[in-house]
Amino acid sequence: MVIGGAPERCSGEEAAAKVARFALAALEAVESAGSGMQMRCGMASGSVVGAVLGTAMPKYSFFGDTVNTASRMESSGQPGRLQATARTMEHLSSFGPEFDLAERSTKMPLHIKGLGRRTTFW
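First things first, this report covers the structure right here in the doc. None of these values were measured; they are calculated from a predicted model.

## Describing the overall build of the protein chain
Tallying secondary structure elements over the protein chain gives three helices and seven strands in all. Start at the N end of the protein chain and walk to the C end: the helices and strands fall as α-β-β-β-α-β-α-β-β-β. Along the three orthogonal principal directions, the C-alpha set of the protein chain runs to about 50 × 35 × 30 Å. A buried classification covers 26% of the 122 residues belonging to the protein chain. Entry remark: accessible area of the protein chain is about 8000 Å², with carbon and sulfur atoms responsible for 52%. Charge centroids of the protein chain, computed over 13 positive and 11 negative side chains, lie 10 Å from each other.

## A closer look at the sheet that holds strand 4 (residues 82-85)
Ordered in space as 1-4-7, the three strands form an open sheet in which the pairing is mixed. Looking at which strands have only one partner, the edges of the open sheet turn out to be strand 1 (41-43) and strand 7 (120-121). Sheet analysis places strand 1 next to strand 4, joined by three bridges and oriented parallel. If you follow cysteine 41 over to strand 4, its bridge partner there is leucine 82. Sitting on the sheet, helix 1 (residues 12-32) is in contact with strand 1 and strand 4, with an inclination near 175° to strand 1. Relative to the sheet, helix 2 (residues 65-75) contacts strand 1, strand 4 and strand 7, its axis offset from that of strand 1 by approximately 145°.

## Side note on the packing of helix 1 against helix 3 (residues 86-93)
Closest axis-to-axis distance for the helix 1/helix 3 pair is 8 Å, and the angle between their directions is 95°. Between helix 1 and helix 3, the angle falls in the class roughly perpendicular. Taken together, the residues of helix 3 that come into contact with helix 1 (itself represented by Gly12, Glu13, Ala16, Ala17 and Ala20) are Thr88, His91 and Leu92. By residue class, the composition of the contact of helix 1 with helix 3 is four nonpolar, three polar and one charged.

## Considerations on the packing of aromatic side chains
Between two aromatic rings, the relevant description is the distance of the centres plus the angle of the planes. If you walk through the whole model with that rule in mind, you get two aromatic pairs. Considering the side-chain rings of tyrosine 60 and phenylalanine 62, the 5.2 Å spacing of their centres and the 85° angle between planes classify their relative orientation as edge-to-face. Using a relative accessible area of 54% as the deciding quantity, one classes tyrosine 60 as exposed. Note on phenylalanine 62: relative accessible area 16%, which makes it buried.

## Some remarks on unusual backbone geometry
With an omega of 0°, the peptide bond running from alanine 6 to proline 7 counts as cis. Assignment of secondary structure puts proline 7 in the segment before helix 1.

## Describing the nonpolar core
Formed by Ala16, Ala17, Val19, Ala20, Ala23, Leu27, Cys41, Met43, Leu82, Ala84, Leu92 and Phe99, the largest nonpolar core amounts to 12 residues. Counting only elements with at least two residues in this core, the list comes to helix 1, strand 1 and strand 4. The biggest single contributor to this core is helix 1, with six residues. Non-local contacts of alanine 20, meaning those with residues more than four positions away in its chain, are made with Met43, Leu82, Leu92 and Phe99.

Conventions and cut-offs
Residues numbered from 1 in each chain as written. Predicted model: local features only at pLDDT ≥ 70, side-chain atom pairs only at ≥ 80, totals over all residues. Heavy atoms only, no water. Helix = DSSP H or I, 4+ residues; strand = E, 2+ residues; numbered from the N terminus. Buried < 20%, exposed > 50% of the residue type's maximum accessible area, 1.4 Å probe, protein only. Areas by Shrake-Rupley, 256 points an atom, 1.4 Å probe, with all protein chains shown as cover. Lys, Arg positive; Asp, Glu negative; His and termini not counted. Charge placed at Lys NZ, Arg CZ, Asp CG, Glu CD. Pairing = 2+ DSSP bridges. Contact = heavy atoms within 4.5 Å. Axes fitted to C-alpha atoms, helices over the stretch in contact; angles between N-to-C directions. Parallel < 35°, antiparallel > 145°, perpendicular 65-115°, else oblique. Nonpolar A, V, L, I, M, F, W, Y, C, P; charged D, E, K, R; others polar. Phe/Tyr/Trp six-rings, centres within 6.5 Å; stacked < 30°, edge-to-face > 60°. Core = buried A, V, L, I, M, F, W, Y, C linked by side-chain atoms within 4.5 Å.

Set out below in structure tokens:
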């Protein structure tokens, strides 16, 4: 999991761009390795809650609907692609041609398990 905008806050647009750049670079690295491995990426934008969990081996973790939605974007995606929510697409569209997003299904919104029908973007 990658979080944009934590621990140092930034705008939703900047956070989405940071995560998208990372995800696209990771997809490219996996593909160029030539190992036959494949990777899917999913993105969602919104609020999360962060907390330190555990005492013997504490770790920082994030929770919330945004985390769950990003997980669903990944699991319902396709290998070699980055799937994003409509809100993330709005954030990334402010960067012009750097992020060329297209609606995943122009016929009807995709059914995402646990979320219902959603318009998603590649």
